[in-house]
Amino acid sequence: MARQAQYGGRWLTALLMLAALAAPLLLVGCAAPQWPWQQMRRAVGPLPDAQQILRTALAARPDLNPAEALDPIQLYYWDGGYAQVVSLLYSGLFTLDAHQRSIPALVSDYSVSTDGLRYTFHLRPDARFAEGTPLTAQDVAFSLNRMLTSCPSYGTFAFFDVKDAAPFIAQCAGDGAPAPTIRTLIGDALLTPDPHTLVILLALLDAALISKLAMPYSAIVDQSVVTRYGAQWTAHLADGGGQGTSGMYQLTSLQPWVNSANGLLTLTRAPDYWGPRPRLREVTVAVRHGVASPTATPTCPPSLTPQSAFPVTPTDDLVFDEWASSVAVAPTVVRGLQALTFPALWVSDLTLNPRSAPLNDARLRQALALALDKTALAKLAIWGIPEAPASSATATDHIIPPGIGDYPAALSGPLANAPLTGDVAQAQALWQSYVADKCGGVASHCPTITAFNTGQIATTPLELAMLARWRATLPGIPIAPVEWTGFLTTVVPAPPQASDTLLSQDYADPQDWLLTFAISPGADNGCFSQRCPNWVHDPAADALVARAEATSDAMARLALYQQAENTLINDAVVIPIAQERGSWLATAAAAALPADPAPWIAPAAWARIYLTNAGN
């Protein structure tokens, strides 16, 4: 959910992580390598089943203990390696295919009422937990209720349209909201008429509900295991050879990572898994702590060693971690591994508030947008982190990154199709028209525009570069950065009129990218109490999103979202700047790796991966 001020949402998560984030694992100053699926290579047969053991690695984090990392509702890094582990251990009602489309997982079929407020799901009769017990609608209701009513629960904010969920979300948001009058949503919004049927009731239309149910935070856990062991239930997942999980793998051993000790997870194929049998019989996940490392000069092949490097060993077959800065890519350490870079589902934007003077004049907003050279600004992403190399992001005109399901990514309109380098002449013409009309022809008489920065400690290099560009191309423009410390709970009288945002995918639907800037009438969208004083949106885009939410035809809904995206861009309410890039490391022996930009490999795609003797 693309909320600007939500706890556990993409924007807040991004801001809290930015100080620790640095460059993804990218090639610096050289061409990107071809990956196994991009090459015409001689056929290499799979290794015997006994040798189909994939070794992966993740960075241990001081803010993520094993109990949180293995609990779907507590995991808040759901766009990388830890989400991958959760997606292998647990199933949801739905999952994602290679094109970010939601497809059934534990659901055999479902229906939606004519008013769009009642979803009825029928479960697969062969669904089992790792220990072999049947998975029932009661387990599904328990899991979703646990996610919707618990705090912390990092998927909660995606489900603000579920009947009676709003009071729980408001209370979790920390705004001093009163306690909900009901204690559980089971029997209220979550109904189980029989062991194989679940009903979800909505208070407001939500066309992206299915996409949200495909995310790791909506995974189904075993009610009996959670109830038996309480808060420490994840420490018992490996008991008896694995229990309590619902995915294609079960956890057969768990060595926790505590203090400075490294951890190790062993995942083995679940014999009762309902879906395709994975070719990898076992996956080991080494969880390693960072080690101090001097900064090295980037080379080709890559040798990027951040100050606190996560050690990659020659035995690792696959390394993917959303905390990309923690991985040291040194040829002496990762011999045999290749670096894959891909467009990540993170987009840096600048929002201009059309409801706040002087930005309520479209000419001024459009002048600010056209004056920017996005190709130069992209070199400073991730949002001006100094350690990020120039190739860590790509200039973009898209709010919604291409490659999400069936969304039509074509843009139209004067600003949406403007050169990525900007159009200085047109920007200056718009600025001069504004000055003549609103400022008596004297730029210094124009009101000051306040810019940046929502919750950051200091103005970043990227923000300074935008300010310099505006001042150089729009003569005399009065624009001043402000440091707004009112992010989250403190409301300030005049938040900045131009605000920077870094949005990442919370769920695989275009709706997720638009709800920061366009909201349906009557929907709170997780912005409770006074948490969103700087909410920026466009009335025309609001109307299009409202129509989309009430549209049952999937392609018609996406077309309306596309119109809303074009409206936001051409009205210069949102200025997309750059799309971030992510990266993996993989051995040449790993075959059938997918080439899609998903934040983790969906189970159906994972099932096709296998190991060969390539490179041996």
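The rules behind each value
Residues numbered from 1 in each chain as written. Predicted model: local features only at pLDDT ≥ 70, side-chain atom pairs only at ≥ 80, totals over all residues. Heavy atoms only, no water. Helix = DSSP H or I, 4+ residues; strand = E, 2+ residues; numbered from the N terminus. Contact = heavy atoms within 4.5 Å. Areas by Shrake-Rupley, 256 points an atom, 1.4 Å probe, with all protein chains shown as cover. Pairing = 2+ DSSP bridges. Disulfide = S-S within 2.5 Å. Buried < 20%, exposed > 50% of the residue type's maximum accessible area, 1.4 Å probe, protein only. Axes fitted to C-alpha atoms, helices over the stretch in contact; angles between N-to-C directions. Parallel < 35°, antiparallel > 145°, perpendicular 65-115°, else oblique. Nonpolar A, V, L, I, M, F, W, Y, C, P; charged D, E, K, R; others polar. Left-handed = near helix turned anticlockwise from the far one by under 90°. Core = buried A, V, L, I, M, F, W, Y, C linked by side-chain atoms within 4.5 Å. Polar contact = N/O pair within 3.5 Å; in protein donor to acceptor, adjacent residues only side chain to side chain. Phe/Tyr/Trp six-rings, centres within 6.5 Å; stacked < 30°, edge-to-face > 60°. pLDDT = per-residue confidence, 0-100.

**Q** Describe the overall build of the protein, naming the residues involved and giving the relevant values.
**A** Secondary structure summary: the protein contains 15 helices and 21 strands in total. Taking the contacts inside the protein whose residues are at least 6 apart along the sequence as the reference set, 71% of them involve residues at least 24 apart. Carbon together with sulfur atoms contributes 56% to the accessible area of the protein, which is approximately 22,300 Å² in total.

**Q** Quick one: what's the story with the pairing of strand β6 (residues 190-194), residue by residue and with numbers?
**A** Sheet analysis places β6 next to strand β7 (residues 197-201), joined by three bridges and oriented antiparallel. Looking at the pairing, D194 lines up with T197 of β7. Between the antiparallel neighbours β6 and β7 lie two residues.

**Q** Quick rundown of the state of the cysteines? Include the residues and the values.
**A** This structure, assessed with the given rule, holds one disulfide. With its sulfur 1.9 Å from that of its partner, C439 forms a disulfide with C446. Residues C439 and C446 are joined by a disulfide whose S-S torsion is about 115°; by sign, that bridge is right-handed. As far as burial versus exposure is concerned, C439 and C446 are alike and both buried.

**Q** Quick one: what's the story with the packing of helix α13 (residues 539-549) against helix α14 (residues 554-570), residue by residue and with numbers?
**A** The description of two helices packed together rests on the angle between their axes and the distance between the axes. Two elements in contact, α13 and α14, have axes whose closest approach is 8 Å; the angle formed by their N-to-C orientations is 170°. Here α13 is positioned roughly antiparallel relative to α14, judged by the angle of their axes. On the side of α13, the interface is formed by A540, A541, L544, V545, R547, A548 and E549, while α14 contributes R557, L560, Y561, Q563, A564, T567 and L568. Of the residues contributing to the contact of α13 with α14, the split by class is nine nonpolar, two polar and three charged.

**Q** Please provide a residue-by-residue account of the sheet that holds β6, values included.
**A** A sheet is described by the order of its strands in space; here four strands give the open sequence β4-β5-β7-β6, paired in antiparallel fashion. Looking at which strands have only one partner, the edges of the open sheet turn out to be β4 (107-112) and β6. Along the sheet, successive strands turn relative to each other by an average axial angle of 20°, direction set aside. For β4 and strand β5 (residues 118-123), the ladder comprises five bridges, and the chain directions are antiparallel. Paired with Y110 across the bridge in β5 is F121. Docked against the sheet, helix α4 (residues 137-149) engages β5, β6 and β7, running at close to 175° with respect to β6.

**Q** Could you give me a rundown of the packing of helix α8 (residues 362-371) against helix α10 (residues 424-438), with the residues and numbers involved?
**A** Running from N to C, α8 and α10 cross one another at 155°; their axes reach a closest spacing of 8 Å. One way to sum up the angle between α8 and α10 is to call them roughly antiparallel. For α8 against α10, the interelement crossing comes out left-handed. Counted together, R363, L364, Q366, A367, L370 and A371 of α8 and V424, Q426, A427, L430, W431, S433, Y434, D437 and K438 of α10 form the full contact between these two elements.

**Q** Which residues make up the nonpolar core, and what values go with them?
**A** Grouped burial of nonpolar side chains is what soluble globular proteins tend to show. Counting 162 residues, the largest nonpolar core has L93, F121, W431, W470 and W606 as the members making the most contacts within it. With seven residues, the top contributor of residues to this core is α4. Those residues in contact with W431, other than ones at most four positions away along the chain, are L364, A367, A443, C446, L474, P475, G476, I477 and P478. The next biggest cluster of nonpolar side chains, apart from the first, holds six residues, and it includes A57, V319, L337 and L585.

**Q** Describe in detail the environment of S224, supporting the description with residues and values.
**A** Following the sequence through the fold, S224 ends up in helix α7 (residues 223-229). The exposure class assigned to S224 is partly exposed, which follows from its relative accessible area of 36%. Each C-alpha atom, one on S224 and one on D139, is 8.5 Å from the other, the two residues being 85 residues apart in sequence. Only 2.7 Å separates the side chain of S224 from the side chain of D222, close enough to count as a polar contact.

**Q** Lay out the packing of aromatic side chains in plain terms, naming residues and giving numbers.
**A** Applying the stated rule across the entire model yields eight aromatic pairs. A centroid spacing of 6.4 Å and a plane angle of 85° characterise the contact between F159 and Y217, whose relative ring orientation is edge-to-face. Linking F159 in the loop between α4 and α5 (166-172) with Y217 in the loop between α6 (209-213) and α7, this pair joins segments that are 58 residues apart in sequence. Neither F159 nor Y217 differs from the other in exposure class; each is buried. Considering the side-chain rings of W431 and Y434, the 5.9 Å spacing of their centres and the 25° angle between planes classify their relative orientation as stacked.

**Q** Explain the confidence of the model for the protein to me, using residue names and the numbers behind them.
**A** With 77% of its residues at a pLDDT of 70 or more, the protein shows a mean pLDDT of 80. With pLDDT under 50 throughout, residues 1-43 is counted as low confidence; its partners more than four residues away or in other chains account for 142 contacts. Note that pLDDT drops below 50 for residues 383-390; the model gives that stretch 28 contacts with residues more than four away or on any other chain.

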